[in-house]
Amino acid sequence: MKYMILSYASQQDYDAMSGKDTGKPAWSQEDVAAMVRFMETVNRELEESGELVETRALAAPVHTRRLGSRGGAGFVTDGPYAETQEVLAGYWIVECESFDRATEIAGRLGQCPYPGDTYNDAYADIRPISESAGDMGF
């Protein structure tokens, strides 16, 4: 079964990682390097186990464009969005034996190093990937 693990952040988080003053601890170059090493290690382990299908980080919300429709008319809004505190920051698609194993993988990703304790409330969603309409659950 394939699962998507979705991690979240905010524009403020992206700004802190780039060293800007946000009220959260700023990330040093060493902090960023530690995060990159951690992610490379986890991704390599998942590749070696055959469980990694794909993973990607996403650009900061400031580089986002949202499309929508109101009253039948389309609209485009450039990010970031005042009404949105958290956005999708990245994802992993894994193929593994069970939801429990996907949860275990997401838990490992949650051990990523970061400065200070302001990211202690970070979270990820894990969702099964439907292969057909019959898998949708309705």
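Let us look at the structure shown here. Just so it is clear, the model here is predicted, and its values are computed rather than measured.

**Quick look at the pairing of strand 3 (residues 65-70)**
By the criterion of burial, strand 3 is predominantly exposed, with just zero of the six residues buried. Direction of pairing for strand 3 relative to strand 4 (residues 73-78): antiparallel, over a ladder of six bridges. Paired with Ser69 across the strands is Gly74, a residue of strand 4. The turn linking strand 3 back onto strand 4 is made up of two residues, and Gly71 within it adopts a positive phi angle of 60 degrees.

**So, the packing of aromatic side chains**
For the coordinates displayed, the defined rule picks out two aromatic pairs. Ring centres of Tyr3 and Phe99 lie 5.3 Å apart, and the angle between their planes is 50 degrees; this geometry places the pair in the tilted category. Placement of Tyr3 in strand 1 (residues 2-9) and of Phe99 in helix 3 (residues 99-109) is noted, with a sequence separation of 96 residues between them. The cationic tip of Arg70 hangs over the ring face of Phe75; the distance from NZ or CZ to the ring centre is 4.3 Å.

**Comments concerning the sheet that holds strand 6 (residues 124-128)**
The strands making up a sheet associate through hydrogen bonds between their backbones, and the pairing can be parallel or antiparallel. Across the sheet, four strands lie side by side as 2-5-1-6; this open sheet has antiparallel pairing. Edge positions in the open sheet fall to strand 2 (52-57) and strand 6, since each of these has one partner strand only. Strand-to-strand twist across the sheet, computed as the mean angle between neighbouring axes with direction ignored, equals 20 degrees. For strand 1 and strand 5 (residues 87-95), the ladder comprises eight bridges, and the chain directions are antiparallel. Within the sheet, the bridge partner assigned to Tyr3 lies in strand 5 and is Val94. In the packing of helix 3 onto the sheet, the strands contacted are strand 1, strand 5 and strand 6, and the crossing angle to strand 1 comes to about 30 degrees.

**Some words on helix 3**
Inspection of helix 3 places Ala102, Ile105, Ala106 and Leu109 among the buried residues, and these make up the whole buried set. In an axial view of helix 3, the angular spread of the buried residues amounts to 100 degrees, which keeps them on one side of the axis. For helix 3, the exposed residues set more than 90 degrees away from the buried face come down to Asp100 and Glu104. Considering only its buried residues, helix 3 is in contact with strand 1, helix 2 (29-49), strand 5 and strand 6.

**Comments concerning the pattern of salt bridges**
Taken as a whole and judged by the stated rule, the model has six salt bridges. In this structure, the salt-bridge partner of Asp15 is Lys20, at a minimum N-O distance of 3.9 Å. When the shortest N-O distance is used, the salt bridge between Arg101 and Glu51 registers 2.8 Å. A residue pair is termed long-range when its members are at least 10 positions apart, and Arg101 in helix 3 and Glu51 in the loop between helix 2 and strand 2 qualify at 50 residues. The exposure class of Glu51 is buried, given its relative accessible area of 12%. One network of salt bridges, with partners in common, ties together Glu51, Arg101 and Glu104.

Quick notes on the rules
Residues numbered from 1 in each chain as written. Predicted model: local features only at pLDDT ≥ 70, side-chain atom pairs only at ≥ 80, totals over all residues. Heavy atoms only, no water. Buried < 20%, exposed > 50% of the residue type's maximum accessible area, 1.4 Å probe, protein only. Helix = DSSP H or I, 4+ residues; strand = E, 2+ residues; numbered from the N terminus. Pairing = 2+ DSSP bridges. Phe/Tyr/Trp six-rings, centres within 6.5 Å; stacked < 30°, edge-to-face > 60°. Lys NZ or Arg CZ within 6 Å of the ring centre and 35° of its normal. Axes fitted to C-alpha atoms, helices over the stretch in contact; angles between N-to-C directions. Contact = heavy atoms within 4.5 Å. Arc of directions from axis to C-beta. Salt bridge = Lys/Arg side-chain N within 4 Å of Asp/Glu carboxyl O.

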